[in-house]
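Examining the three-dimensional arrangement
What follows is the residue order along each chain.
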Amino acid sequence: MGSVAEDTDLIAALQAAVGADQVLHGERLAERPAGFWSRHALQARALVRPATTEEVSAILKVCHQRRQPVITHGGLTGLVGGAICSADDVVLSLERMNQIEELDPVDRLARVQAGVILQQLQEAADAQDLLFPLDLGGRGSATIGGNISTNAGGNRVIRYGMTRDLVLGLEAVLADGTVVSSMNQMIKNNTGYDLKQLFIGAEGTLGVVTRAVVKLSEKPRSQQTLFVALNSFAEVKQFLKLMDARLGGALSAFEVMWQNFYRLVTTEPATNQAPLSQNYPFYALVESMGGDPEADQARLEAALADAYEAGLIQDAVVAQSEAQRSALWAMRDDVRQMGRVGPGSSFDVSVRLSRMEDYVNAVNARLAARFPDFTNIIFGHLGDGNLHFYVAPGQTGDGIKEAVERAVYEPLADYDGSISAEHGIGLSKKAYLSLSRSADEIRLMQTLKQALDPHNLLNPGRIIDPA
Ligand SMILES: Cc1cc2nc3c(=O)[nH]c(=O)nc-3n(C[C@H](O)[C@H](O)[C@H](O)COP(=O)(O)OP(=O)(O)OC[C@H]3O[C@@H](n4cnc5c(N)ncnc54)[C@H](O)[C@@H]3O)c2cc1C
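Being a predicted model, the structure only gives us computed values, none of them experimental. (Residues numbered from 1 in each chain as written. Predicted model: local features only at pLDDT ≥ 70, side-chain atom pairs only at ≥ 80, totals over all residues. Heavy atoms only, no water.)

1. Notes on the pairing of strand S5 (residues 100-104)
Note: S5 against strand S6 (residues 109-113), four bridges, orientation antiparallel. Bridge pairing links aspartate 104 to leucine 109 in S6. With antiparallel pairing between neighbouring strands as the criterion, S5 and S6 make up a hairpin whose turn holds four residues, including arginine 108 at a positive phi of roughly 55°. (Pairing = 2+ DSSP bridges. Helix = DSSP H or I, 4+ residues; strand = E, 2+ residues; numbered from the N terminus.)

Given below as structure tokens:
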């Protein structure tokens with residue numbers, strides 16, 4: 001905590017950088033929640049709301065001069081505590097940098113400020129018969145800057161890749177206020193180091209992302225959504241291969257729910273109705289996107305018929321309207337229901353599909369040995385090898401959370417998996433980073449951090465600590 005004189009000096013310098021109205025402190029901060037699901041008020045020395053890259057640069061210069069740590073805020077939907085701040089931090093919120101500067105149907109790209117909400121960009125693209133394919137449950141609040149900084153994944157990675165694959169160029173401001181404009185607009189540009197990659201997935205530790213150029217795709221003319229029940233994990237894997245092969249590149253989502261997830265999201269007080277019996281061990285939500293509604297529908301039905309004939313699926317529904325399609329996705333997105341099984345921890349891990357079942361069995365065996373009453377709710381972006389767990393150990397007390405984390409993370413070493421598939425490391429997973437990254441890799445990350453932010457001011461303590 002700074003002295004009163006230091007606080008007054010800092011606030012005056014920030015006000016000079018962005019205008020008095022855009023520096024919130026004291027009582028004005030108490031109105032703002034600390035996070036997407038948080039009821040606590042935000043704690044910080046001040047929250048600043050720049051409207052331009054120049055203002056971001058001016059703010060960072062003020063903070064750099066005073067060695068003042070800065071935490072960057074997008075939509076606060078991040079799931080690894082990356083945006084958590086304390087009363088000693090300055091918060092830099094991108095909420096006013098919310099302009100779509102250009103959306104070009106010929107070049108199929110958008111130039112946006114970092115505070116643009118994901119759904120806002122999706123809708124703007126749609127209005128021009130284009131698609132911004134990144135899609136995730138937090139779409140109504142998450143920002144493009146946050147998506148880039150976390151390298152967000154979501155529901156369509158199987159077809160369009162992670163956020164990294166959608167970024168052509170970006171602009172970032174370094175800790176000392178230097179603006180690095182790397183707003184490339186071309187698909188091909190091999191002119192030395194690809195600097196944008198430094199900031200994608202860096203969780204705000206190397207610079208503040210202020211603007212970006214992102215790739216758009218042609219809007220699909222048809223979209224088919226189906227939901228199937230399956231008897232075994234072996235059949236889930238075969239069904240994925242069959243659909244991918246038969247849909248000729250149109251497969252755009254392959255989400256899987258274990259029975260316990262499906263039952264939770266289709267049993268009251270959850271509001272979703274069960275479209276299929278709740279008695280199968282696995283369910284898959286599958287989507288394809290194509291350019292010819294009739295041919296696409298026929299191809300999907302033929303693929304489904306093949307899957308039945310091969311005995312891979314037990315039952316299926318195909319959405320016949322937008323309302324039915326939304327209802328199927330609403331089940332998948334209703335992750336809040338998991339809290340009903342008791343207090344617990346959420347996980348986002350990656351493992352090769354061929355080893356996934358063994359890994360899940362290893363985790364459950366470790367949980368069972370330590371927590372006889374545990375529940376592990378399982379679902380995920382299975383087509384990407386990405387599993388989500390919600391583990392309620394059935395016990396509370398000292399050391400319980402850590403024991404659950406170790407039960408989930410430690411077996412990953414045997415299966416060459418990753419402790420974070422898409423949510424990042426932030427503060428929550430930092431202690432386990434060495435399970436997924438070698439000592440040399442972590443040292444190189446520290447070298448990069450030291451080079452770009454030598455005073456450790458930008459999102460300090462996230463991902464790694466200084467060497
Ligand atoms: C219901 C729900 C579903 C979700 N589903 C998915 C999913 O399927 N896949 C997935 O990957 N994630 C998912 N998430 C997580 C979250 O939406 C993503 O991590 C998202 O990319 C975060 O964006 P944000 O703007 O909310 O960032 P914030 O939460 O504000 O910030 C996240 C991190 O990025 C940093 N940051 C934010 N903006 C910038 C910037 N402009 N420059 C530098 N650093 C910045 C922050 O300091 C923090 O470290 C989900 C979240 C919710 C609530």
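That was the structure; now back to the text.
2. A few points about the nonpolar core
Generally speaking, a soluble globular protein has its nonpolar side chains buried in company with each other. Leu14, Leu92, Leu121 and Phe132 are the most contacted members of the largest nonpolar core, which totals 56 residues. It is helix H1 (residues 4-18) that provides the largest number of residues to this core, a total of six residues. A domain split of this core shows at least three residues from each of domain 1 (4-93) and domain 2 (100-218). Ignoring sequence-local partners within four residues, the contact set of leucine 14 consists of Gly19, Val23, Ala46, Val48, Ile59, Val62, Cys63 and Val90. Phe239, Phe254, Leu382 and Ile400 belong to the second-largest nonpolar core, a separate cluster that totals 54 residues. (Core = buried A, V, L, I, M, F, W, Y, C linked by side-chain atoms within 4.5 Å. Buried < 20%, exposed > 50% of the residue type's maximum accessible area, 1.4 Å probe, protein only. Domains from an automatic or database assignment. Contact = heavy atoms within 4.5 Å.)

3. Quick notes on the domain arrangement of the protein
Along its sequence, the protein is organised into domain 1 (4-93), domain 2 (100-218), domain 3 (222-335) and domain 4 (342-440). Spacing between the C-alpha centres of domain 2 and domain 3 amounts to 29 Å. Counting residues at the interface gives seven residues for domain 2 and 14 residues for domain 3. At the boundary of domain 2 with domain 3, total buried surface from both sides reaches about 770 Å², with 48% on carbon and sulfur atoms. Between aspartate 333 and arginine 139 there is a salt bridge, with the nearest N and O atoms lying 3.6 Å from each other. There are three residue pairs in polar contact (both at pLDDT 80 or more) connecting domain 2 and domain 3. For the side of domain 2 that touches domain 3, the element with the highest residue contribution is helix H6 (residues 157-160), accounting for three residues. Its residues assigned to classes, the side of domain 2 that touches domain 3 shows three nonpolar, one polar and three charged. (Buried area = accessible area lost by both parts, 1.4 Å probe. Salt bridge = Lys/Arg side-chain N within 4 Å of Asp/Glu carboxyl O. Polar contact = N/O pair within 3.5 Å; in protein donor to acceptor, adjacent residues only side chain to side chain. Nonpolar A, V, L, I, M, F, W, Y, C, P; charged D, E, K, R; others polar.)

4. Details of the sheet that holds strand S8 (residues 167-173)
Sheet strands pair by backbone hydrogen bonding; their relative direction is either parallel or antiparallel. Taken in spatial order, the five strands of this open sheet run S5-S6-S10-S8-S9, and their pairing is antiparallel. If you trace the sheet from one side to the other, it starts and ends with S5 and strand S9 (179-182), each paired once. Pairs of neighbouring strands in the sheet enclose a mean axial angle of 10°, with direction left out of account. As paired elements, S6 and strand S10 (residues 208-215) share five bridges and run antiparallel to each other. Counterpart to valine 112 in the pairing with S10 is alanine 212. Here helix H4 (residues 118-127) sits on the sheet in contact with S5, S6 and S10, set at roughly 35° to S5. (Axes fitted to C-alpha atoms, helices over the stretch in contact; angles between N-to-C directions.)

5. Quick notes on the site of the ligand
Around the ligand sit 36 residues in total, of which Thr72, Thr77, Gly78, Thr143 and Asn459 are the nearest. A distance of 2.9 Å separates an oxygen atom of the ligand from a polar side-chain atom of asparagine 147. Within the backbone of glycine 153, a nitrogen or oxygen atom sits 2.9 Å from an oxygen atom of the ligand. Of all elements in the fold, only strand S3 (70-73), helix H5 (144-150) and S10 reach the threshold of two or more residues within the shell around the ligand. Of all the elements, H5 adds the most residues to the shell around the ligand, at five residues. When its residues are assigned to classes, the shell around the ligand shows twelve nonpolar, 22 polar and two charged. (Near = heavy atom within 4 Å.)

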